[in-house]
Amino acid sequence: MRKKSLILVAGIATLYFQNAYAQEVKDSVKTNDIDQVVITGNSNPKKKIESSTAISTFSAKEIMKQNPISAAALLQRVPGFAVESSGGEVGNNLFSRGIPSAGGYEFVQVQEDGLPVFEDGALQFANADNFFRVDNTTGRLEALRGGSGSIFATNSPGGLINFISKEGSNTFKGIAKLETSTYGLMRTDINLGGALIDDKLFFNVGGFYRTDDGLRKTGFKANNGGQIRMNLKYVFDKGYAKVYYKKLDDRNTFFLPIPLTQNGNDIKEFSGFDPNYGTYSYNSISQLNIPQAGGGYFKRNLQDGIHPRVDAVGAEFKYDLGNNFSVLNKTRYTNINMNYTGIFPAGGPQTAAGFASGKGIVGNNYQYSLVSNGTVVNPQNVQQLGFWAIDKKMNNFVNDLQFNYKLDKGNVTAGFYKSNWTSNQYWNWSNILTTATDKPQLLNLVDTSLSPNDVGYSKTYNGVTQMSFLLRDSQTQGSLNDVYANFEYNVTDNLNINVGARYSRDFYRGYAVNTTSANLNNSGLTTDGVHSFATTTADDNMSVLGNQYTYWRYDIDKLSYTAAANYKINTNNAVYGRFSHGFRSPNEEAYYNYFTTVNPSQPLEPVTTNQIEVGYKYYTSNFSIGVIPFYSTLKDLSFTDVFSDGSSENTFADTKNYGLEIEGNARLFNNILDLTFNGTIQNPKYSGLGGSSVFEGNTVRRMPKLYFNVTPAVNITKEWRTYVSYNYYGKRFQDQLNVQTLPAFGEVGAGTSYQLGKVRFGIDATNVFNTIGITEGDPRSGSPSGDGTIMARPIMGAAVRGSITLEF
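In every chain, residue numbers begin from 1 and rise along the written sequence. With the structure being a predicted model, the display of local features is reserved for residues of pLDDT at least 70 and the display and counting of side-chain atom pairs for 80 or more, all residues being used for whole-chain, interface and lining totals. Remark: hydrogens and water are excluded; side-chain values derive from all non-hydrogen atoms of the structure.

### Structural notes on the overall build of the protein
Next up, step 1: Under the scheme used here, helices are H or I runs from DSSP no shorter than 4 residues and strands are E runs no shorter than 2 residues, and both carry numbers assigned from the N terminus. What the protein contains, in helices and strands, is six helices and 46 strands.
Next up, step 2: Using C-alpha atoms as the atom set, the radius of gyration is obtained and then compared with a globule rule of 2.2 Å times the number of residues to the power 0.38. Computed over C-alpha atoms, the radius of gyration of the protein comes to 27 Å, within 12% of the 28 Å expected from 2.2 N^0.38 for 808 residues, which places it in the range of a compact globule.
Next up, step 3: Projecting the C-alpha coordinates of the protein onto the three principal axes gives extents of approximately 90 × 60 × 55 Å.
Next up, step 4: Of all 808 residues assigned to the protein, the portion counted as buried reaches 60%. Each residue's exposure class comes from its accessible area (1.4 Å probe, protein chains only) as a fraction of the maximum for that residue type: buried when under 20%, exposed when over 50%, partly exposed otherwise.

Below you can see the structure in the form of structure tokens.
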């Protein structure tokens, strides 16, 4: 409690001493939107006021000021993006404009320098943010919602998120940063850029390394690793050529639901569990070593967490062909080897007697003991946890060839996009038994009405209740062949129109290895050196991979299109309107479920979307605002959450949503006070499901109707700046039936910074009041029950970070 109090005091203190980037006061606030040029979702760079898209931009300086704890935390500043950031640094979920999914980044494409981090950002256990990190090599973020996303990328009707890298210039520049925190963080960042040959050959290289104990107390290094990125660019008279490389090797603990007590909108801690800092992912249960029915042992270490090893090499080439023609080609090869280990609750806590009864033990004939030392214990509640291990080997080759023809009053762009990708995955899932507390202890359970030599005497094997109950060995391949065209024309000096289309001829292939069941009764192995596996039920119905395969194929033949107009009323005002039609191919789990089911009851279809948006933009040197109403419909949306027993939800639905996005900033009192804000109001509903549907007209699950961020900041002096931020996330429902309410919550952050010459000192605090805010329930537990003891994933507790940054 003392440590938490110190964290809270330090966090509240930052309300008076806060974060900034010191230069001239006018430069410490957001770059004037009227001057910003965007490239994402446009065929040519253009000013935001002239772009008929809903796009948010963040420069490197603005990202530094915000100092986000993760990429998801940065994306919370984008209207229209509902972000669940409680999973830790990676593995988080983003929903664009009320489009629901099982999680990940399913309907947006995450890009680095205009190409996907990986072609599909919603593969099982492979959220796109597992494979990139925000550091000082990032020069800019452009986040597009809806609109032209489906024309310039695949599977992106919800939008594009483009992280643009820094490049060198004639002036040598560098930045170095050292950061620490109240949770054992030690992080170093560095970036260097300059010219090897002035005006011709430029370089940029940088990266980070970080280790910390985790915002939730794991008892081990929760995050440990880093990345390096570099690029080399040669500029010649009619264009340029660039090559680049990225190496990411990072380990991150993924935080999952914990038990909480709910009474309507009131959320409190579950006895024995700290809601702000507690987790089941703890050192005392971190090791798994179990025999396999096919021979050998399966060993796993929870401390590895989500561990991607990413190598990406790419090139970019642009050349002026003359006669108003130019060509741009981007290519990249990415190889990913990821080990994923996480603790997934298998339902909620149970009483000791209740769990024993569920295992077939009659009355009080049960006995629990600690695996660590054999001590007999009498826990009030116990928890069954999934020890899920997933290995994924992935690769992606992508090439985007684009030709541009410049007209007197516009341009025509045409391109061919080719992408081949493969995802091989192997799953090995077990269940373990622990105390229902943070810092859990492994438990054994026996039936005292039997003797140790009797069949079924023990319900565990060193704390494991189900050994390898689910194995999966499968592959998914994608071969994408897309042609696209985009036409922009300035009808007058103030009116421009845009039409675009993308034809997708995509081929998906895969296989799944069929499984059978077995046990270890006749294996000759013993549970403890004496007793055979016939004395335990832990090995009953173990999954075994066979030699029978299910092969499948699925082809896509789809057209996406859009039309828009932007009218610039005057220098400061503009309005636009856009219609777009796009689609998202079935995801990896949808393919697996459909083709491994003997008689699937629902046809497998791409998710199709229609969106209408209009927007008003007003930009001056002291005030800017964008107001964007939108309406969207979706058809054949699939829900593919994998439940804790290994089965999959496999539910389909149609949805519709109308809403309003708002984003802006104001500079007041001669730039002493600046205010940034963004928010979304929406009403996503299930629709078109027929009168017999039990959730027709219900609110789409996990979608808030209102969420916003507001951040006032005071430039106390030219060198000293302070801010407070407030994130509000409205009430949602965990499920389609709208039974489980996830109450609204608000989170306060704060910070201060001081510039001393070229050195910046910063302090940033998150959740300074230790709010218990739920971002999601437990989608793996099936139908929720409402109030009482619930399983949910709350935001992290209060934490403070301090940093020193040197620019040279």
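### Details of the confidence of the model for the protein
Next up, step 1: pLDDT expresses, on a scale from 0 to 100, how confident the predictor is about each individual residue. When pLDDT is averaged along the protein, the result is 91; 95% of the residues meet or exceed 70.
Next up, step 2: In the model, residues 1-31 has pLDDT below 50 throughout and makes 96 contacts with residues more than four positions away in sequence or in other chains. For this analysis, residues touch if any pair of their heavy atoms sits within 4.5 Å.

### Details of the sheet that holds strand β17 (residues 258-263)
Paired through backbone hydrogen bonds, the strands of a sheet run either parallel or antiparallel to each other.
Next up, step 1: Across the sheet, four strands lie side by side as β18-β17-β45-β44; this open sheet has antiparallel pairing. Unpaired on one side and paired on the other, β18 (266-269) and β44 (774-776) mark the two borders of the sheet. Direction aside, the axes of adjacent strands within the sheet are offset by 60 degrees on average.
Next up, step 2: As paired strands, β17 and β18 are joined by four bridges and run antiparallel to one another. Residue pairing across strands places threonine 261 opposite lysine 268, the latter belonging to β18. Pairing between two strands requires that DSSP report at least two bridges joining them. Comment: axis = line fitted to C-alpha atoms, over the contacting stretch for helices; angle = value between 0 and 180 degrees taken between N-to-C directions.

### Looking at the layout of surface pockets
Next up, step 1: Buried and open spaces are told apart on a 1 Å grid over the protein atoms alone, a cavity being a set of points where a 1.4 Å probe fits but cannot get out and a pocket being an open set with protein on both sides within 12 Å along at least five of seven lines. Residues with an atom within 4 Å of a point are the lining residues. Grid points are joined across faces, edges and corners, and a volume is the space filled by probe spheres set on the points. A volume near 1000 Å³ is recorded for the second largest pocket.
Next up, step 2: Every residue lining the second largest pocket is counted, 43 residues in all, and those nearest its centre are Ile39, Ser43, Pro45, Lys318 and Leu328.
Next up, step 3: Contributions of two or more residues to the lining of the second largest pocket are made by β11 (159-165), β16 (239-252), β21 (306-322), β22 (325-345), β26 (381-406), β27 (410-435) and β29 (464-490).
Next up, step 4: Residue type decides the class: Asp, Glu, Lys and Arg count as charged, Ala, Val, Leu, Ile, Met, Phe, Trp, Tyr, Cys and Pro as nonpolar, and the leftover types, Gly among them, as polar. Of the residues contributing to the lining of the second largest pocket, the split by class is 13 nonpolar, 16 polar and 14 charged.

### Overview of the sheet that holds strand β7 (residues 115-116)
Next up, step 1: Strand order across the open sheet formed by five strands is β3-β10-β11-β6-β7, with mixed pairing between neighbours. Looking at which strands have only one partner, the edges of the open sheet turn out to be β3 (54-59) and β7.
Next up, step 2: Strand direction decides the pairing type here: β3 and strand β10 (residues 138-145), joined by six bridges, are antiparallel. Residue pairing for β10: serine 59 is matched across the bridge by arginine 140.

### Some thoughts on empty space enclosed by the protein
Next up, step 1: On inspection of all chains with the given rule, the structure shows 12 cavities of 30 Å³ or more.
Next up, step 2: Each pocket or cavity is described by its volume, and for the largest cavity that value is around 410 Å³.
Next up, step 3: Counting residues per element, the ones that place at least two in the lining of the largest cavity are β8 (122-123), β9 (126-127), β22 and α6 (588-596).
Next up, step 4: For the lining of the largest cavity, the residue count by class is 12 nonpolar, nine polar and eight charged.

### Examining the nonpolar core
Next up, step 1: Residues Tyr105, Ile161 and Trp429 are the most contacted members of the largest nonpolar core, which totals 54 residues.
Next up, step 2: Setting aside chain neighbours within four positions, we find tryptophan 429 in contact with Phe125, Phe387, Trp388, Ala389, Ile390, Ser468, Phe469, Leu470, Val642, Phe643 and Gly646.
Next up, step 3: What we call a nonpolar core is a set of buried Ala, Val, Leu, Ile, Met, Phe, Trp, Tyr and Cys residues that are connected through their side-chain atoms within 4.5 Å. Judged by nonpolar contacts, the second largest core, of 31 residues, contains Phe220, Leu288, Leu442 and Met542.

### Some points on the pairing of strand β32 (residues 573-584)
Next up, step 1: By the criterion of burial, β32 is predominantly enclosed, with nine of the 12 residues buried.
Next up, step 2: Both strand β31 (residues 542-568) and β32 contribute to a ladder of eight bridges, which runs antiparallel. Bridging across to β32, tyrosine 561 finds its partner in histidine 581.
Next up, step 3: In this antiparallel pair of consecutive strands, β31 and β32, the connection spans four residues.
Next up, step 4: Sheet topology note: the β32/strand β33 (residues 607-619) ladder contains 12 bridges and is antiparallel. Paired with arginine 584 across the strands is valine 607, a residue of β33.

### Quick notes on the pattern of salt bridges
Next up, step 1: Here a salt bridge means any side-chain nitrogen of Lys or Arg lying within 4 Å of a carboxyl oxygen belonging to Asp or Glu. Counted under the stated rule, the structure contains 34 salt bridges.
Next up, step 2: In this structure, aspartate 213 and lysine 221 form a salt bridge, with 2.9 Å as the shortest nitrogen-oxygen distance.
Next up, step 3: Judged by its relative accessible area of 31%, aspartate 213 is partly exposed.
Next up, step 4: Residues joined by salt bridges that share partners form a network here, namely Glu89, Arg133, Arg210, Asp212 and Asp250.

### What to know about unusual backbone geometry
Next up, step 1: Of note, the phi angle at asparagine 324 is positive, near 75 degrees, even though the residue is not glycine.
Next up, step 2: As for its placement among the helices and strands, asparagine 324 is situated in the loop between β21 and β22.
Next up, step 3: In this structure, asparagine 738 is a non-glycine residue whose phi angle is positive, near 60 degrees.
Next up, step 4: Tracing the chain through its elements places asparagine 738 in the loop between β40 (732-733) and β41 (741-742).

### Focus on the environment of tyrosine 592
Next up, step 1: Structurally, the position occupied by tyrosine 592 is in helix α6.
Next up, step 2: Look at tyrosine 592 and you get buried, because its relative accessible area is 19%.
Next up, step 3: Taking the C-alpha atoms as reference points, tyrosine 592 and glutamine 475, separated by 117 residues in sequence, lie 9.3 Å from one another.

### Points about the packing of aromatic side chains
Next up, step 1: Aromatic pairing here means that ring centres of Phe, Tyr or Trp (its six-membered ring) are within 6.5 Å. Orientation follows from the plane angle: under 30 degrees is stacked, over 60 is edge-to-face, and everything else is tilted. Scanning the model with the defined rule gives 39 aromatic pairs in all.
Next up, step 2: On the numbers, 4.8 Å between centres and 40 degrees between planes, the contact of phenylalanine 132 with phenylalanine 163 is tilted. Of the two residues, phenylalanine 132 is situated in the loop between β9 and β10 and phenylalanine 163 in strand β11; the sequence distance between them amounts to 31 residues.
Next up, step 3: Residue phenylalanine 132 is classed as buried on the basis of its relative accessible area of 2%.
Next up, step 4: Lying over the aromatic face of tyrosine 417, arginine 502 brings its terminal NZ or CZ to 5.0 Å of the ring centre. Placement of a positive charge over a ring is assigned whenever Lys NZ or Arg CZ falls within 6 Å of the ring centre and within 35 degrees of the normal to the ring plane.

### Quick notes on the environment of glutamine 736
Next up, step 1: Among the structural elements, glutamine 736 can be located in the loop between β40 and β41.
Next up, step 2: Taking relative accessible area as the criterion, glutamine 736 reaches 9% and is therefore assigned buried.
Next up, step 3: Expressed as a C-alpha distance, the spacing of glutamine 736 and valine 694, which sit 42 residues apart in the sequence, is 8.8 Å.
Next up, step 4: Apart from the residues lying within four places of it in its own chain, the contact partners of glutamine 736 are Phe639, Glu649, Thr651, Tyr686, Phe695, Asn698 and Arg701.

### Notes on the pairing of β17
Next up, step 1: Two strands pair when backbone bridges link them, and β17 and strand β45 (residues 788-794) are joined in this way by five bridges, in the antiparallel orientation. Across the sheet, residue proline 259 finds its bridge partner in β45, namely methionine 791.
Next up, step 2: In sequence, β17 turns back onto β18 through a hairpin of two residues, with glycine 264 there showing a positive phi of about 65 degrees.

### Notes on the side chain of threonine 535
Next up, step 1: Take threonine 535: it is sitting in the loop between β30 (495-518) and β31.
Next up, step 2: Reaching out from threonine 535, the side chain makes a polar contact with the backbone oxygen of serine 532 at a distance of 2.7 Å.
Next up, step 3: Not counting chain neighbours up to four residues away, the residues in contact with threonine 535 comprise Pro452, Asn453, Asp454, Val455, Gly456, Tyr457, Ser458 and Thr527. In protein, a polar contact means a hydrogen-donor-capable atom and an acceptor-capable atom, both N or O and within 3.5 Å, with residues adjacent in sequence counting only if both atoms are side-chain atoms; elsewhere, any N or O pair within 3.5 Å suffices.

### Side note on the side chain of serine 504
Next up, step 1: The topology assignment puts serine 504 in strand β30.
Next up, step 2: Among the polar contacts made by the side chain of serine 504, one reaches the side chain of aspartate 482 at a distance of 3.3 Å.
Next up, step 3: Leaving out residues up to four positions away in the same chain, serine 504 has contacts with Asn481, Asp482, Ile556, Asp557, Lys558 and Phe583.

### Section: the environment of phenylalanine 208
Next up, step 1: Relative to the helices and strands, phenylalanine 208 is located in strand β14 (residues 201-212).
Next up, step 2: The exposure class assigned to phenylalanine 208 is buried, which follows from its relative accessible area of 6%.
Next up, step 3: Distance from phenylalanine 208 to arginine 187, taken between C-alpha atoms, is 7.1 Å for residues 21 residues apart in sequence.
Next up, step 4: In this structure phenylalanine 208 touches Arg133, Asp135, Arg187, Thr188, Asp189, Gly225, Gly226, Gln227 and Asp250, once residues within four positions along its chain are discounted.

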